[in-house]
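# Residue-level structure breakdown
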Amino acid sequence: MSLSRSTRRLVRQGLLATLVAQVTAVATLMGADRVRRLMRGRRVPDLPPAVPVSHPIGDGSVATTYTYGDALFDDMLAAIAGAERRILLETYIIKGDETGRRFKQALIDAAHRGVDVYVIYDQFANLVVKRSFLTFPPVVNVLVYPVVSSWKLLSPRHVGRDHRKILVVDDKVAYVGGYNIGSAYATEWRDTHLRIDGPAVWDLDNAFVDFWNTHPRRNTPMIEQIPPTGWRPEIRAHRNVPRQLMYPIRGMYLEAIDRAHLTIDITAAYFIPDRDILAALLDARRRGVRVRIIVPRVSNHVVTDWLSRGFYGRLLRAGVEIHRYRDHMVHAKTATIDGEWTTIGTANIDRLSLLGNYEINLEILDRGLARGMQQVFADDCEKCEQLTLEQWMSRPLLARVYEAILRPLAPLL
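Residues numbered from 1 in each chain as written. Predicted model: local features only at pLDDT ≥ 70, side-chain atom pairs only at ≥ 80, totals over all residues. Heavy atoms only, no water.

### Some words on the pairing of strand β12 (residues 290-296)
Condition: Between buried and exposed lies partly exposed: a residue is buried under 20% and exposed over 50% of the maximum accessible area for its type, with that area taken using a 1.4 Å probe on protein chains only. In this text, helices come from DSSP runs of H or I with a minimum length of four residues, and strands from runs of E with a minimum of two, each type numbered from the N-terminal end. Throughout, right-handed denotes a crossover for which the path from the first strand over the helix to the second runs clockwise when the strands point away from the viewer. Following DSSP output, two strands are said to pair if at least two bridges run between them.
The buried count for β12 comes to 6 of 7 residues, which makes it a mostly enclosed element. Since strand β11 (residues 263-268) and β12 lie parallel, the crossover through helix α7 (residues 275-286) that links them has a hand, and here it is right-handed. Note: β12 against strand β13 (residues 321-325), 5 bridges, orientation parallel. Note on β13: the bridge partner recorded for Pro 296 is Tyr 325.

Right, dumping it as structure tokens:
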């Protein structure tokens, strides 16, 4: 009996020591990151402008890629200004800055001229935004996805955030991708968004309407669904819906990686793969596929950076190329495989996105778009520093200690 008590005591002490070490590691990393930002003491330089590129898709749609936020926001605002019937806007973050104010006023103006305007935003992601800014006049229909969506806090159906970014105008044009709404995202963050004109707009329209109608709030009207356009194999929308325990984006990635036979190019703002995705990438390397991953050298979430580092050793030893984007935060969530398959959307390669949040990614089978995204990837690589295995193996001992302490937290993020 005394041995059993001693064992239990040791286990408790070990768990407590691990927890203290993890909390200390997180606190020191966040503190160091804060000091780094203060010492830098200057505004992040603007990215060079990039022109949107359009590609016709076989189903009759046109897909336009945006890699420069200022151009994207101008086009989105122009679409809102030209709306005649209905605007559907869903965003994870809308900052109360100049860009956010432009979007808010454009939505209000559209509503005043008789357009039906519906807005969804995530309350948790906007806690730092003034409540007065997030208050719209009654002419705009607003659904706030709450910090706590249910008293069932431990249910996987109710713990995810609404991380989607969708704009649909008049059921004719739609936008989806990684860009949140804010001035810093316009010129300082490297992200990717997609505009769709044509039949494939229905998928994004339907995604918004389904979310709105299944999360009713008092005084928010139901939205009428437009008729489906039929089966369109070239473009498919994959939606994570936690309340239905549906997470198809993870399956989409696994299936696509398993099919790869030439190249896999992934750009990931936060790269914390689960065991199956990691194994799929390593298997691809073993069969001769060239695998390249772009991640931020320093992201806006320093702890996430360190959790991502926990996978670098296995990837580099297998021959996976890791390219770290310099100077700016790369926030894109894209992948291109074999010059034929592309996904662009809102989901990161981490547990929160793939098995937690409301997310949406488009899967597109089109060689023209894929070639365009391969060129985007090549251009981004020129702004990266490639991490070699030799560099990785020579990292300081303290870095290895931090990685070991934080590694158990990876499944949580």
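### Section: the packing of aromatic side chains
The line we're drawing: Only rings of Phe, Tyr and Trp enter the pairing, Trp through its six-membered ring, and a pair is recorded when the two centres are within 6.5 Å. The plane angle decides the type: under 30 degrees is stacked, over 60 is edge-to-face, the rest tilted. We call a charge positioned over a ring when the NZ of a Lys or the CZ of an Arg lies within 6 Å of the ring centre and within 35 degrees of the ring normal.
This model, assessed by the stated rule, comprises 11 aromatic pairs. With a centroid separation of 6.3 Å and an interplanar angle of 50°, the aromatic rings of Tyr 66 and Tyr 175 are classed as tilted. With Tyr 66 in strand β2 (residues 62-66) and Tyr 175 in strand β7 (residues 173-177), this residue pair connects regions lying 109 residues apart in the sequence. For Tyr 175, a relative accessible area of 0% gives the class buried. For the ring pair Phe 211 and Tyr 358, a centre distance of 5.0 Å and an interplane angle of 85° mean the geometry is edge-to-face. Separated by 147 residues along the polypeptide, Phe 211 in helix α5 (residues 201-214) and Tyr 358 in the loop between α10 (351-354) and β17 (359-365) bring together distant segments of the chain. Summarising the burial analysis for this pair, Phe 211 and Tyr 358 share the class buried. Among the aromatic side chains, those forming a connected cluster through ring pairs are Phe 73, Phe 103 and Tyr 179. Positioned above the aromatic ring of Phe 136, the side-chain terminus of Lys 104 is 5.4 Å from the ring centre. The ring of Trp 392 carries the charged tip of Arg 395 above its face, separated from the ring centre by 3.9 Å.

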